[in-house]
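Here is how the chains run, residue by residue.
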Amino acid sequence: MLSTLRTLIAGVDARAEDRLRDVYAIELIDQKIRETEAQVRAAKSTLASLIQRSRSEQKLLDLLSTRIATLTTRAREALEAGREDMATEAANAVAEMENEATLRQATIDRLETQTTRLRASVERGHRRVIDLKQGAITARAMRREQGMQAKLHSTIAGPSSADEAQDLIDRVVGKDDPLEQAQILADINAGLDHSGLEDRMAAAGFGAATKVTGRDVLARLKD
């Protein structure tokens, strides 16, 4: 029972989180882009430090190489002059500096390897930020389109200004013609006071016509 309740609660929380992420998707995208940019900036700072340290080590190594060459020359000159003691001291110093140079060269090699790897990571991160920003632009455009589609759907599906306009059109188009209504009313009145009876009987051949027609005028002209 408790296990089932925990599962249901976990499902409700997951759905609520999904809905929250959908609502604030654009804000979350912007935040993740900012976090990614911060990580890239930190990586760039580390890369700059590695490059600076590598250059410092290279300068020290160059200085050691110069000193080794100078002491080697002086030791050779001391041997030629019969000063073996000074030549030996110089040789020991050269040996120590060569060992130090070996360590510094190893450090430089290690720093160059780290620099190459980190530089590649920075370049990937930089391209990633550009891609994310382009994706954010697309997401904003789609969110605006979704909003407009939702508004259009609500306009079409439910009562709206379009429905009200159609109702008004139907009222105007379907309204009775006042002229026709007046004619019908006149006919009704004529039937009630028998004012049209003479015309109907004349038209049926009973008696002379009460009104002059175009046929009557034409007959007189022929006569």
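Predicted, not measured: the structure shown is a model, and the values here were computed from it.

Cut-offs and rules
Residues numbered from 1 in each chain as written. Predicted model: local features only at pLDDT ≥ 70, side-chain atom pairs only at ≥ 80, totals over all residues. Heavy atoms only, no water. Helix = DSSP H or I, 4+ residues; strand = E, 2+ residues; numbered from the N terminus. Buried < 20%, exposed > 50% of the residue type's maximum accessible area, 1.4 Å probe, protein only. Areas by Shrake-Rupley, 256 points an atom, 1.4 Å probe, with all protein chains shown as cover. pLDDT = per-residue confidence, 0-100. Salt bridge = Lys/Arg side-chain N within 4 Å of Asp/Glu carboxyl O. Core = buried A, V, L, I, M, F, W, Y, C linked by side-chain atoms within 4.5 Å. Contact = heavy atoms within 4.5 Å.

Asks: Explain the overall build of the chain to me, and be specific about the residues and the numbers.
Replies: From N to C terminus, the chain includes seven helices and zero strands. Taking all 223 residues of the chain together, the buried fraction comes to 15%. Just so you have it, the chain exposes about 17900 Å², and 57% of that area is on carbon and sulfur atoms.

Asks: With reference to specific residues and values, describe the confidence of the model for the chain.
Replies: Mean pLDDT for the chain: 76, with 56% of residues reaching 70 or above. Highest mean pLDDT in the chain belongs to helix α2 (residues 25-80) (91); lowest belongs to helix α1 (residues 2-23) (53).

Asks: Help me get a handle on the pattern of salt bridges, residues and values and all.
Replies: Within this structure, the stated rule accounts for six salt bridges. With a shortest N-O distance of 3.6 Å, Lys32 and Glu35 are connected by a salt bridge. In this pair, Lys32 and Glu35 are both assigned in helix α2, three residues apart and thus about one turn of the helix distant. Salt-bridge contacts for Glu100 lead to Arg104; the nearest nitrogen and oxygen are separated by 3.1 Å.

Asks: Requested: an account of the nonpolar core, with residues and values cited.
Replies: Considering soluble globular proteins, one finds that nonpolar side chains tend to be buried as a cluster. Formed by Leu61, Leu64, Ile68, Val94, Met97, Ala101 and Ile108, the largest nonpolar core amounts to seven residues. Contributing elements (two or more residues each) for this core: α2 and α3 (84-157). Per element, the largest residue contribution to this core is four residues, and it comes from α3. Among residues more than four places away in sequence, those in contact with Leu64 are Met97, Glu100, Ala101 and Arg104. Membership of the second largest hydrophobic core comes to six residues, among which are Leu47, Leu50, Leu111 and Leu118.

Asks: Please give an account of the environment of Ala69 that cites residues and values.
Replies: Residue placement: Ala69 occurs in helix α2. Taking the relative accessible area as the measure of exposure, Ala69 reaches 43% and is therefore partly exposed. Taking the C-alpha atoms as reference, Ala69 lies 8.6 Å from Val94; in sequence the two are 25 residues apart.

Asks: Could you give an account of the side chain of Thr36, with specific residues and numbers?
Replies: Mapped onto the secondary structure, Thr36 falls in helix α2. Dropping the residues within four chain positions of it, Thr36 is found in contact with Val129 and Leu132.

Asks: Which residues make up the side chain of Ser54, and what values do they have?
Replies: Mapped onto the secondary structure, Ser54 falls in helix α2. Not counting residues up to four positions away in its chain, the partners in contact with Ser54 are Ile108, Leu111 and Glu112.

Asks: Could you give an account of the environment of Leu118, naming the residues involved and the relevant values?
Replies: In this structure, Leu118 sits in helix α3. Note on Leu118: relative accessible area 19%, which makes it buried. Taking C-alpha positions, Leu118 is 8.4 Å from Lys44, a pair spaced 74 residues apart along the chain. When neighbours within four sequence positions are excluded, Leu118 is seen to be in contact with Ala43, Thr46, Leu47 and Leu50.

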